[in-house]
Amino acid sequence: MEKLEALHQNNKMNARLRKNSIWKSIFFLSTLFGLVVLAILIIRVLIQGLEWIDLEFITSRLSTQADKAGIMGAILGTLWVMVVVIPVTLIIGVGSAIYLELYSKKGKIQSFIETNIANLAGVPSIVYGLLGLTAFVRLMDLGNVVLAGGLTLALLVLPILIVSAQEALRAVPGHLSEASYGMGATKWQTIRKIILPAALPSILTGSILALSRAIGETAPLTVLGIPALLIPFPQGLLDTFTALPMQIYYWTLDSSLVAEYANLAAATIVILLLILFILNSIAIIIRNKYHQRN
Amino acid sequence: MATNSDSNVNKAVNVSELIAKNKKKKSINNYMEKLVPTILFLLASITVLTTIGILYTLISEAVHFFMEVPILDFFTGTELKPLSQNPEFGILPLLNGTIISSLIAILVAGPIGLMSAIFLSEYASDKVRRIIKPLLEILAGIPTIVYGFFAFTFVTPLIRTFWPQLEATNILSPGLVMGIMIIPMIASLSEDAMTSVPNGIREGSLAMGTTKLETTVKVVIPAAFSGIIASFVLAISRAIGETMIVTIASGSSKNFSFDITESMQTMTAFIVEVSGGEAPAGSTLHYSLYAVALTLFVFTMIMNLLAKYVSRKFREEY
Amino acid sequence: MSITTQKKVQIDVKNNDTTTESKTEQPRVVYDTKDLNLWYSETHALKDINLEVTENEVTAIIGPSGCGKSTYIKTLNRMVELVPGVGTTGTIAYKGKNILDNSMKVEDLRTQVGMVFQKPNPFPKSIYENVTYGPKIHGIKKKSLLDEIVENSLRGAAIWDEVKDRLNQNAYGLSGGQQQRVCIARCLAIEPDVILMDEPTSALDPISTLKVEELIKELKKKYTIIIVTHNMQQAARISDKTVFMLNGEVVEFSETDQLFSNPKDKRTEDYITGRFG
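Criteria and thresholds
- Residues numbered from 1 in each chain as written.
- Chains lettered and ligands numbered in written order.
- Predicted model: local features only at pLDDT ≥ 70, side-chain atom pairs only at ≥ 80, totals over all residues.
- Heavy atoms only, no water.
- UniProt positions renumbered as here; feature names shortened; annotations may be inferred.
- pLDDT = per-residue confidence, 0-100.
- Helix = DSSP H or I, 4+ residues; strand = E, 2+ residues; numbered from the N terminus.
- Contact = heavy atoms within 4.5 Å.
- Axes fitted to C-alpha atoms, helices over the stretch in contact; angles between N-to-C directions.
- Parallel < 35°, antiparallel > 145°, perpendicular 65-115°, else oblique.
- Nonpolar A, V, L, I, M, F, W, Y, C, P; charged D, E, K, R; others polar.
- Buried area = accessible area lost by both parts, 1.4 Å probe.
- Salt bridge = Lys/Arg side-chain N within 4 Å of Asp/Glu carboxyl O.
- Polar contact = N/O pair within 3.5 Å; in protein donor to acceptor, adjacent residues only side chain to side chain.
- Patch = residues over 30% accessible without salt bridge, like charges linked within 9 Å, V, L, I, M, F, W, Y side chains within 5 Å.
- Areas by Shrake-Rupley, 256 points an atom, 1.4 Å probe, with all protein chains shown as cover.
- Buried < 20%, exposed > 50% of the residue type's maximum accessible area, 1.4 Å probe, protein only.
- Domains from an automatic or database assignment.
- Phe/Tyr/Trp six-rings, centres within 6.5 Å; stacked < 30°, edge-to-face > 60°.
- Lys NZ or Arg CZ within 6 Å of the ring centre and 35° of its normal.

In the annotation of an unreviewed UniProt entry, the entry for chain C reads Phosphate ABC transporter ATP-binding protein, PhoT family, and the organism field reads Gracilibacillus orientalis. UniProt's Function (unreviewed entry) comment on chain C is quoted here verbatim: "Part of the ABC transporter complex PstSACB involved in phosphate import. Responsible for energy coupling to the transport system." We quote the UniProt Subcellular location (unreviewed entry) comment for chain C here in full: "Cell inner membrane".

An unreviewed UniProt entry annotates chain B as Phosphate transport system permease protein of Gracilibacillus orientalis. As stated in UniProt under Function (unreviewed entry), the record for chain B gives "Part of the binding-protein-dependent transport system for phosphate; probably responsible for the translocation of the substrate across the membrane."

Structure follows, in structure tokens:
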């Protein structure tokens, strides 16, 4: 007993434990730091932007006069871009994922394509802008229209979608496809009727997350030369357009000239965040529904 | 049981024969079976085409630039005056801006991200972790343009209230905000590295009467070290490639200085400025865009490969 | 009476007295395995297997885990190939045709040879869709015909009465034993000639196990059944012939009664008396 007490004194256990709990608080505060900044950011934007949001703001055209300006054009532009991004990324992304997970033999070609996808995911978004500028705006001579912007953003988020679709396919239990093969189903039949339906909820979740990344992206659009002029509302894939993030960008830049522009930018941010929030909620609902069933 | 199977005999058609008959005419299916892998392969190769497209775009245009501006001048030049009478194209001011802003970012995100990772992996209960992690994910999902707005209209004015020397556009505030942006990245990747440290190692240390802090610092972090480093490297790479925050909040002065209160331009912001302006196609200024972009591309690629190399070494340990 | 008149038209394929021309030359031996060797990459999993499986009998394969019994049964419909790096030598003749030959289309083979798996593996679809999955992928689309197949198959698997009122409910809502019988019904729906069963009761409770065993005895009248089991009593209860495998080799193959009462090989005796395994 005495020996233990001596040991306790010697190894300064109390001091060490105190140190432990102090550091624990520091770790906890660090974790809170990011969240506090997040809260400040959101509250700040809401305070600045909310009072500017009304039906008129959402449904009107752009204007140089702050109190008349609306963002209908930017909302429509963002929606049109989604019309391009969704099918393009889904078809290419899911197709590539099926090829990599279920068809390609484990070997050089597969690891080459997978390494390439991993590298693409790390390429700065602005570089995709230059690719889009060269390939879609100039080479295909589309100009800075919805289709060019949508394709550029689709290429940008493709790696995200492929990787998440691969994970979704991998998570389908092997015994399901075994049962299908066991009945004489071919590979494509098994993929179409068993594997894809089982993986669909996770694929949808992944594609919604990729989509939210695409519609919040600004840098590639600045390179494509997307204007913030008083252009007509886009009505098709080959119309010029502006998008919500571009509108935020221009208004923020010009806020040093006209102070109200900062508020307009904040109001537009609220709308953009609201759209992202809705998209992510849908993704979470799909994910939860799917998990309940299993 | 017996009655059941008796009635089983009671059927109007012979299914197996029908199937055999169907098999003979299923030629379209057989065709699909061969066609589908080819189509899917073509879809998968689009990603490879993207890489080729990026490399081709950057290199073919940058070559024009280097025919007019010697490579050595480009990489050692401290002056970037593309629009002056005697234009100068030194990339050092841009590299300077990029490195300083990324350094500020990692100085913020490194400690905070790592400490968050320690908290989440070693101290937090399951319940707390399940609340905090999705919230951190929101932080990672905020569009960068929003951070740019935040840096320019909130952080800069805030700092200027107690540090008036700070210019309206400066490198400090976007650096700080970029740091906040990459906190979730470091936190979640480092946490992954730490949670994959086998529990047996922790228990071995705790069983000798060490505190949790000592176990974390002396055992868990060293074991997860390369994973943590990899997360830092990836986060830096992300900061280097980040565009909108610096474009908005740091202005476009091509200063070659180390004064963080001043406006500086990063490589990414330069690309935005030049491509948004009216650089006539075929001009040196236009081509300089691609030379800078190629440099940026190589920079981030090296960082990404480095991160992968480091984390692969990490995987070999267990 | 009406049943018997129908019977004539409805051709019971497995019965030799109501013949169709393709079935008359059917050999008594369904599966003839000769000198089969199989490797998983470097591991030699099956060694010189020689076996004959006879029509309308239950052949049980027993042996300690890792002896190769599951590998062997999965070779019989070439499901074993789903594992990469599998190599084989020797032949397995199914109705006179070597199934290990490259010209053999695995889909055709698997249409004729059904399989029931260790763990019940219904698709996450309705019971109805589970049973019609096979007929549909093989081109049967007529609703009335599919309805009929569903009823016949579920009756054949002795589960019709339990599920007839909830055919459109998800099969995952059933108990493990019911799920397994739905899987058997799914397998019966395309009227295979042979049913391979890979430890079909190992994941089931004793009562469900008993039900499936009775079903197997019933199915034997129409189908050739090969069953892998880790349960010696089960093999003794339901099979006509038994194979004892050890370390990838067939140690003994004979009538079930004889193998259990009078084993020829010392190793078989040791195993069935519980001295190892």
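Participant: Tell me about the confidence of the model for chain B, and name the residues and values.
Facilitator: Residues and elements named next belong to chain B. Here chain B shows a mean pLDDT of 87. Residues at 70 or above account for 93%. Mean pLDDT across the elements of chain B bottoms out in helix H1 (residues 2-8) (42) and peaks in helix H5 (residues 92-123) (95). In this model, residues 1-12 is a region of pLDDT below 50 whose contacts with residues beyond four sequence positions or in other chains number 26 contacts.

Participant: Hey, could you go over the packing of H5 of chain B against helix H10 (residues 212-223) of chain B for me, with residue numbers and the actual values?
Facilitator: Relative placement of two packed helices is described by the angle separating their axes and the distance separating the axes. All names here are of chain B. Following both chains from N to C, one finds H5 and H10 inclined at 110°, their axes separated by 12 Å at the closest point. The orientation of H5 with respect to H10, classified from their angle, is roughly perpendicular. Counting all contacts with H5, which are made through Ile118, Glu122 and Tyr123, the residues of H10 involved are Lys212, Leu213, Thr216, Val220 and Ile221. Here the contact of H5 with H10 is composed, by residue class, of 5 nonpolar, 1 polar and 2 charged.

Participant: Explain the interface of chain A and chain B residue by residue, including any values.
Facilitator: Taken together, the contact between chain A and chain B spans 75 residues of the former and 70 residues of the latter. Regarding the contact of chain A and chain B, the summed buried area is about 6300 Å², with carbon and sulfur atoms giving 77% of it. The tally of links between chain A and chain B comes to 1 salt bridge. Arg16 of chain A serves as the salt-bridge partner of Glu214 of chain B, at 2.6 Å between the closest nitrogen and oxygen. Where chain A touches chain B, the interface holds 12 residue pairs in polar contact (both at pLDDT 80 or more). Ranked by residues supplied to the side of chain A that touches chain B, first place goes to helix H2 (residues 13-49) of chain A with 22 residues.

Participant: Residues and numbers for a nonpolar patch on the surface, please.
Facilitator: All names here are of chain A. Among the surface-exposed residues, Leu274, Phe277, Ile278 and Ile282 lie close enough to one another that they form a single nonpolar patch of about 400 Å² accessible area. In this structure, Ile282 sits in helix H12 (residues 260-293). We classify Ile282 as partly exposed; its relative accessible area is 39%.

Participant: Please give an account of the UniProt feature "domain: ABC transporter" (unreviewed entry) in chain C that cites residues and values.
Facilitator: This chain's UniProt record puts "domain: ABC transporter" (unreviewed entry) on residues 31-272 of chain C. A helix fraction of 37% and a strand fraction of 27% characterise residues 31-272 of chain C, whose end C-alpha atoms lie 26 Å from each other.

Participant: Can you tell me about the environment of Lys218 of chain B, naming the residues and giving the values?
Facilitator: Residue and element names in this part refer to chain B. Following the sequence through the fold, Lys218 ends up in helix H10. By relative accessible area, which is 64% here, Lys218 ends up exposed. In this structure the C-alpha to C-alpha distance between Lys218 and Phe149, which are 69 residues apart in sequence, comes to 41 Å.

Participant: Tell me about the domain arrangement of chain B, and please be specific about residues and values.
Facilitator: Residue and element names in this part refer to chain B. Along its sequence, chain B is organised into domain 1 (14-68) and domain 2 (80-315). Inter-centroid distance (C-alpha atoms) of domain 1 to domain 2 is 37 Å. Of all residues in domain 1, Leu58, Glu61 and Phe65 give up the largest surface area on contact with domain 2, accounting jointly for 54% of the area buried on that side. Counting across the domain 1 and domain 2 interface gives 0 salt bridges. Inspection of the region where domain 1 meets domain 2 yields 2 residue pairs in polar contact (both at pLDDT 80 or more). Residue classes in the side of domain 1 that touches domain 2 are distributed as 7 nonpolar, 2 polar and 2 charged.

Participant: Hey, could you go over the packing of aromatic side chains for me, with residue numbers and the actual values?
Facilitator: Tallying each qualifying case throughout the model produces 16 aromatic pairs over all chains. Ring centres of Trp23 of chain A and Phe27 of chain A lie 5.7 Å apart, and the angle between their planes is 40°; this geometry places the pair in the tilted category. Of the two residues, Trp23 of chain A and Phe27 of chain A both sit in helix H2, 4 residues apart, roughly one turn of that helix. Ring geometry for Tyr31 of chain C versus Tyr94 of chain C: centroids 5.1 Å apart, planes at 45°, classification tilted. Of this pair, Tyr31 of chain C sits in strand S1 (residues 29-40) while Tyr94 of chain C sits in strand S4 (residues 86-94), and the two are 63 residues apart along the sequence. We classify Tyr31 of chain C as buried; its relative accessible area is 0%. Overall, the relative accessible area of 5% leaves Tyr94 of chain C in the buried class. By the ring-pair criterion, three or more aromatic residues cluster together here, those being Phe65, Phe66, Phe74, Phe75 and Phe89 of chain B. The ring of Tyr103 of chain A is capped by Lys187 of chain A, whose NZ or CZ atom sits 4.9 Å from the centre of that ring.

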